[in-house]
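Residue-level listing of the chains:
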Amino acid sequence: MKKLFLLALIASFVTACATNKATISEKDLKSTLSYLASDELKGRMTGSEGIRQAATFIADRYREMGLQPMGDSGGYFRYYDFIAGAEPDASSFLSANGKNLVYGSDFTFKGFTGTADIKDAEVVFAGFGVRSDSLKYDDYSGVDVTGKVVVVLRYNPDGDNPHSVYNPISSFRAKTKLAKEKGAAAVLFVNSKEDDDVLQNLEYDRAGTQALPAIHVKRTVVDQWLKIAGFETLSALETGIQTLKRPDSKVISGVKISLHSGLHLIKKPAYNVVGYFPGSDSLLKNEYVVLGAHYDHWGMGGSGSLYRGNEPQIHNGADDNASGSAGIVELARTVITQKNQPKRSLIVAAFSGEELGLLGSAALVSQFPVPTSQVVTMFNFDMIGRLDSVNQLVIYGMGTSSQFKSLADSLNKTYQFKLSFKDEGYGPSDHSSFYAKDIPVMFFHTGLHSDYHRPSDDANKINYAGTKKVLDYASEIVETIVNQPVKPDFIKVKSPSAGRSMAFNVYIGTIPDYAYNDKGLKITGVNPGSPADKAGLKGGDVILQIGSSKIDNIYDYTDALSSLKAGKEEVLVYKRDGKEVKGTITPGKRN
């Protein structure tokens, strides 16, 4: 009876809203989106001048429509610090036989390199630096690398084969971890003969450093060392290993390496753009509905870009996510200009740092301007600009409240979207940060496409009429939640897909905190009923060990999962409130 009464109340408010409906202006939407996706903003990389211009533009739109500031010092910007990159310590160096190599020409550091001082260490060529018991292959067999510097080729005995069985153990981090386990003092990576001999740029990968120096060295440098030892060239050694599928590791005699390695992390300020509109009801105004979208993108490229050209190009991110950023501006304008003012208060938040790991939304919810218990729903808009001819609209989070599906279906009669509902509250966008705080969420999305994370995601490819249609539909849902007398209930969704680990056969059910940069893997939450939940893990815990694997970062974590078996109990060590906790966890079988 209670549920029927609730549905009747919702229906009455849906009818009331339908008779008092202002719609999104396609002209204003196109104007806002086109500026955010313009070359002038240089791809809106978090921490850049372009994103500062975008933030100022969004704040000006807030001011024009009458949103009150909810930022720091009476403005719209809420600041947080993030790690924008890394650079070598001023005292860093690499020398061979007393001769210093030139940074940037002869070598560079990897973005996860550890801090160390090494003097006159012996050098060992360790092939591709991989080991696989199942494949009966071990580049460290027959050589002692304890305290020595190992030279390791990129890729594996199958070369740069995207389908190689060696690929799961061939990453830079995996090879560095193995070298550390073998007792090596440092790892020097060299390009395969299949590549140009070009050094990689130092890029911080946001997963912390490792205890071992990891350095990229030119092949020409290592060939000189091999010549001193009387060996063949790298190319010849590599060809031999790949032809015979047999290790050929050896000490490079006559060469001694000295080095100092250390990275200085570069911190920069970033900001979310936050405003609010107070509700008109004396009681409901103390409850809040959040409209959110990220306004950052990949600038001139970077680690998240799928562009493979040689020359940097502007990644305008028109769909990802100028569409959502423009969308919340125009959606907020529509909601607050209705004849009947919204009863609940409305918070509008444009997030930076989403592409780097939900940094902005995580920072906002950690110091939210109102108690998160008073937030009744968060609506997230990410990539809503490519509605296709099938008229398909995907909405995530539909299982996070018992009201959502019936409400969305009832309001779709006018629009006739082909709706695809996803129950999960966690997912690869900013709604996850709110769901982790027990807030019901809806995430609107029109799907991926071939321009995703590429320079070709431009404003001329946006379906503006389709985007307006999505926003008109969303505005009816928002207005219902803003005005109905009862707030949506919250349901913690048990998701069989969340928490799975790539192609692994097991799942744990944890949600990583990508903003965390210290030792271990911090989690923002766990999926109900998952192995992590059953093991007692909670949001805020920092995982330090699973089974025999020590966890320093997310890469160690995924490596550990690849070695686990479903149903086999393992040791679990984690930190909670600064104290180390020991327990057990039994991984589940991936469906």
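For clarity, every value in this text was computed on a predicted model and none was experimentally measured. (Residues numbered from 1 in each chain as written. Predicted model: local features only at pLDDT ≥ 70, side-chain atom pairs only at ≥ 80, totals over all residues. Heavy atoms only, no water.)

Time to look at the layout of surface pockets. The volume enclosed by the second largest pocket comes to roughly 260 Å³. Around the second largest pocket, the lining comprises 13 residues; the ones closest to its centre are Arg154, Tyr155, Ser170, Ser171 and Phe172. Residue classes in the lining of the second largest pocket are distributed as three nonpolar, seven polar and three charged. (1 Å grid on protein atoms, 1.4 Å probe; cavity = no way out; pocket = protein on both sides within 12 Å on 5 of 7 lines; lining within 4 Å. Points joined across faces, edges and corners; volume = space filled by probe spheres on them. Nonpolar A, V, L, I, M, F, W, Y, C, P; charged D, E, K, R; others polar.)

This part is about the nonpolar core. Judged by nonpolar contacts, the single largest core of 63 residues is most densely connected at Tyr62, Val273, Leu346, Phe379, Phe381, Phe444 and Tyr473. Excluding residues within four positions of it along the chain, Val273 makes contact with Ala55, Ile58, Ala59, Tyr62, Tyr76, Phe77, Tyr295, Val348, Ala349 and Ala350. With 39 residues, the next largest nonpolar core counts Ile118, Leu188, Val221 and Ile252 among its residues. (Core = buried A, V, L, I, M, F, W, Y, C linked by side-chain atoms within 4.5 Å. Buried < 20%, exposed > 50% of the residue type's maximum accessible area, 1.4 Å probe, protein only. Contact = heavy atoms within 4.5 Å.)

In this section: the sheet that holds strand S10 (residues 186-190). Where strands meet in a sheet, backbone hydrogen bonds hold them as pairs that are either parallel or antiparallel. Read across the open sheet, the eight strands follow the order S4-S3-S12-S6-S9-S10-S11-S5; overall the sheet is mixed. The open sheet has two edge strands, strand S4 (99-100) and strand S5 (107-109), and neither has a second partner. With two bridges joining them, strand S3 (residues 93-96) and S4 adopt antiparallel strand pairing. Pairing of Ser95 across the sheet is with Asn100, part of S4. Where helix H4 (residues 172-181) meets the sheet, its contacts fall on strand S9 (149-153), S10 and strand S11 (214-217), and the angle it forms with S10 comes to roughly 145°. Those strands touched by helix H5 (residues 219-229) are S3, S9, S10, S11 and strand S12 (250-261), and its axis lies near 135° from that of S12. (Pairing = 2+ DSSP bridges. Helix = DSSP H or I, 4+ residues; strand = E, 2+ residues; numbered from the N terminus. Axes fitted to C-alpha atoms, helices over the stretch in contact; angles between N-to-C directions.)

Glancing now at H4. Counting buried positions along H4 yields eight of ten residues, so the element is predominantly enclosed. Along H4, the residues that are buried comprise Phe172, Arg173, Ala174, Lys175, Thr176, Lys177, Leu178 and Ala179. In the core, the buried residues of H4 are packed alongside strand S7 (131-132), S9, S10, S11, strand S24 (549-550) and helix H13 (554-562). Phi for Gly183, located one or two positions after H4, is positive at around 95°.

In this section: the environment of Thr115. Residue position: Thr115 is located in the loop between S5 and strand S6 (116-125). Contact partners of Thr115, with chain neighbours within four places excluded, come to Ser261 and Gly262.

The set of residues buried in H5 consists of Arg219, Val221, Val222, Trp225, Leu226 and Ala229. On an axial view of H5, the arc spanned by its buried residues comes to 155°, and they lie on one face. Exposed and facing more than 90 degrees away from the buried side of H5 are Gln224 and Lys227. Against S3, S9, S10, S11, helix H6 (234-244) and S12 lie the buried residues of H5. One or two residues past the end of H5 sits Gly230, with phi positive at roughly 80°. (Arc of directions from axis to C-beta.)

A word on the packing of aromatic side chains. Enumeration over the complete set of coordinates arrives at 19 aromatic pairs. Counting every residue linked through ring pairs, the aromatic cluster contains Phe77, Tyr79 and Tyr271. Sitting over the face of the ring of Phe231, Lys250 holds its NZ or CZ atom 4.8 Å from the ring centroid. Note that Lys469 overlies the ring of Phe417, its terminal NZ or CZ placed 5.0 Å from the centroid. (Phe/Tyr/Trp six-rings, centres within 6.5 Å; stacked < 30°, edge-to-face > 60°. Lys NZ or Arg CZ within 6 Å of the ring centre and 35° of its normal.)

None of the figures reported here should be taken as evidence of function without further support.
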